[in-house]
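Structural characterization, general
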Amino acid sequence: MRILFVGDIVSTSGRRVCQQIIPELRKKYNIEFVIANGENSAGGFGINKKTYQELMESQIDLITTGNHTWDNREILEIVNNVNNIIVPYNFLPWSPGKKIYINPELNLAVINLLGRTFLDTPISPLLSIRELENQGFFEKNLNIIIDFHAEATAEKYFFSYLLDGKISALIGTHTHVQTNDAKILPNGTFHITDVGMCGSYHSIIGFKISKILEKYQTTLNNKFEPERERPYIFNAVLLEIQNTKVVSFKVFNEVVN
Ligand SMILES: [Fe+2]
Ligand SMILES: [Fe+2]
């Protein structure tokens with residue numbers, strides 16, 4: 001089975017590059033399922049109905065989120081009515097949204113977890129993993145993909161090695177900068193500390209450089225504004241999974257005009 005995981009899609013530029021690239025890649029590599037982090041798809045902050053629709057038209061099957069899940073309140077009108085947006089598993093148990101995605105045909109399970117470092121994370125991801133373990137989640141022979149949405153590199157590695165052999169892949173998101181450390185761990189779990197982002201190539205994590213330069217050189221409290229200019233960057237990872245183990249992978253870091 002081939003699965004493509006696409007890094008944080010930032011605003012219009014991120015959506016455009018996905019529309020341009022994903023349908024091509026699906027055909028070229030015979031990809032069965034596409035997961036993308038969509039937490040920044042609406043102007044850099046959250047998801048709305050329009051961006052959800054556009055991501056669906058880009059042939060994305062499942063959207064994961066993160067710390068920006070609720071930035072755009074329009075998500076509340078769709079998150080409980082669709083089955084292909086998941087919110088972090090370690091949000092509070094009563095918060096809206098689905099916390100696990102299961103695809104029985106592909107024997108696939110996807111969860112999204114928030115890291116603790118520098119993020120306002122209500123429940124420790126370790127407690128969440130222990131809870132899933134107690135439910136026998138890791139013993140069902142599922143192809144499990146975790147989107148680990150976090151700042152700290154070591155935190156992402158900690159969970160990958162903790163779960164090596166129990167999950168198919170842990171894919172880091174959130175920093176919007178792709179790391180050069182994609183690897184298969186000794187017991188067959190794939191790890192990348194951060195898969196990166198989709199958005200404008202000349203930007204600061206998808207946002208306008210000038211605004212951020214001004215913000216940090218003055219006392220002006222500039223809001224981050226998404227950059228929309230081409231060229232774009234497309235960051236993703238393609239996984240080939242056999243019997244729950246990743247047997248090969250390809251990392252995409254493409255500049256697209
Ligand atoms: Fe993000
Ligand atoms: Fe994030």
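Definitions and limits used
Residues numbered from 1 in each chain as written. Chains lettered and ligands numbered in written order. Predicted model: local features only at pLDDT ≥ 70, side-chain atom pairs only at ≥ 80, totals over all residues. Helix = DSSP H or I, 4+ residues; strand = E, 2+ residues; numbered from the N terminus. Rg over C-alpha atoms; globule rule 2.2 N^0.38 Å. Buried ≥ 20, exposed ≤ 12 C-beta atoms within 10 Å, placed from the backbone. Axes fitted to C-alpha atoms, helices over the stretch in contact; angles between N-to-C directions. Parallel < 35°, antiparallel > 145°, perpendicular 65-115°, else oblique. Left-handed = near helix turned anticlockwise from the far one by under 90°. Contact = placed C-beta atoms within 7 Å. Nonpolar A, V, L, I, M, F, W, Y, C, P; charged D, E, K, R; others polar. Core = buried A, V, L, I, M, F, W, Y, C linked by C-beta atoms within 7 Å. Arc of directions from axis to C-beta. Pairing = 2+ DSSP bridges.

Moving on, we come to the overall build of the protein. Within the protein, the secondary structure is distributed over 5 helices and 13 strands. Its C-alpha atoms give the protein a radius of gyration of 17 Å, near enough to 18 Å, the size a compact globule of 257 residues would have. Seen along its three principal axes, the alpha-carbon backbone of the protein occupies a region of about 50 × 40 × 35 Å. Each of the 257 residues in the protein was classed as buried or not, and the buried ones make up 46%.

Before going further, it helps to spend a moment on the environment of S11. With respect to the helices and strands, S11 occurs in helix α1 (residues 11–29). Distance from S11 to I47, taken between C-alpha atoms, is 9.4 Å for residues 36 residues apart in sequence.

With that settled, the discussion passes to the packing of α1 against helix α2 (residues 49–57). Axis separation between α1 and α2 bottoms out at 9 Å; the angle between their running directions is 20°. As judged from the angle between their axes, α1 and α2 are roughly parallel. With respect to the hand of their crossing, α1 and α2 are arranged in left-handed fashion. Together, R15, C18 and Q19 of α1 and T51, E54, L55 and E57 of α2 make up the contact between the two elements. Taken together, the residues that form the contact of α1 with α2 break down as 2 nonpolar, 2 polar and 3 charged.

What follows is about the nonpolar core. Of all hydrophobic cores here, the largest spans 61 residues; its most connected members are F5 and C18. The biggest single contributor to this core is strand β12 (residues 232–242), with 7 residues. Residues contacting F5, with those up to four places away along its chain left out, are I35, I145, I171, V195, A236, V237 and L239.

Every buried residue of helix α3 (residues 125–134) is accounted for by P125, I129 and L132. One face of α3 carries all of its buried residues, which in axial projection span an arc of 60°. Among the exposed residues of α3, those pointing more than 90 degrees away from its buried face are L127, R130 and N134. G136 lies just past α3 and shows a positive phi near 75°.

Now for the pairing of strand β13 (residues 245–256). For β12 and β13, the ladder comprises 11 bridges, and the chain directions are antiparallel. Looking across to β13, one finds that L238 is bridged to K250.

Here we take up the sheet that holds strand β10 (residues 190–192). Pairing is mixed across the open sheet formed by 6 strands, whose spatial order is β5-β6-β7-β8-β10-β9. Of all the strands in the sheet, the pair left with one neighbour each is β5 (101–103) and β9 (183–184). In the sheet, strand β7 (residues 143–149) pairs with strand β8 (residues 169–173) via 5 bridges, with the strands oriented parallel. Each residue of the ladder has a partner; that of H149, found in β8, is T173. In the packing of helix α4 (residues 153–162) onto the sheet, the strands contacted are β7, β8 and β10, and the crossing angle to β8 comes to about 170°.

This next bit is on the environment of I144. By the secondary structure assignment, I144 is in strand β7. A residue is classified by how many C-beta atoms lie within 10 Å of it, and I144, with 23 of them, is buried. Between the C-alpha atoms of I144 and K245, which are 101 residues apart in sequence, the distance is 9.5 Å. When sequence neighbours within four positions are dropped, the list of residues in contact with I144 reads A109, I167 and S168.

None of this, on its own, says anything about what the molecule does.
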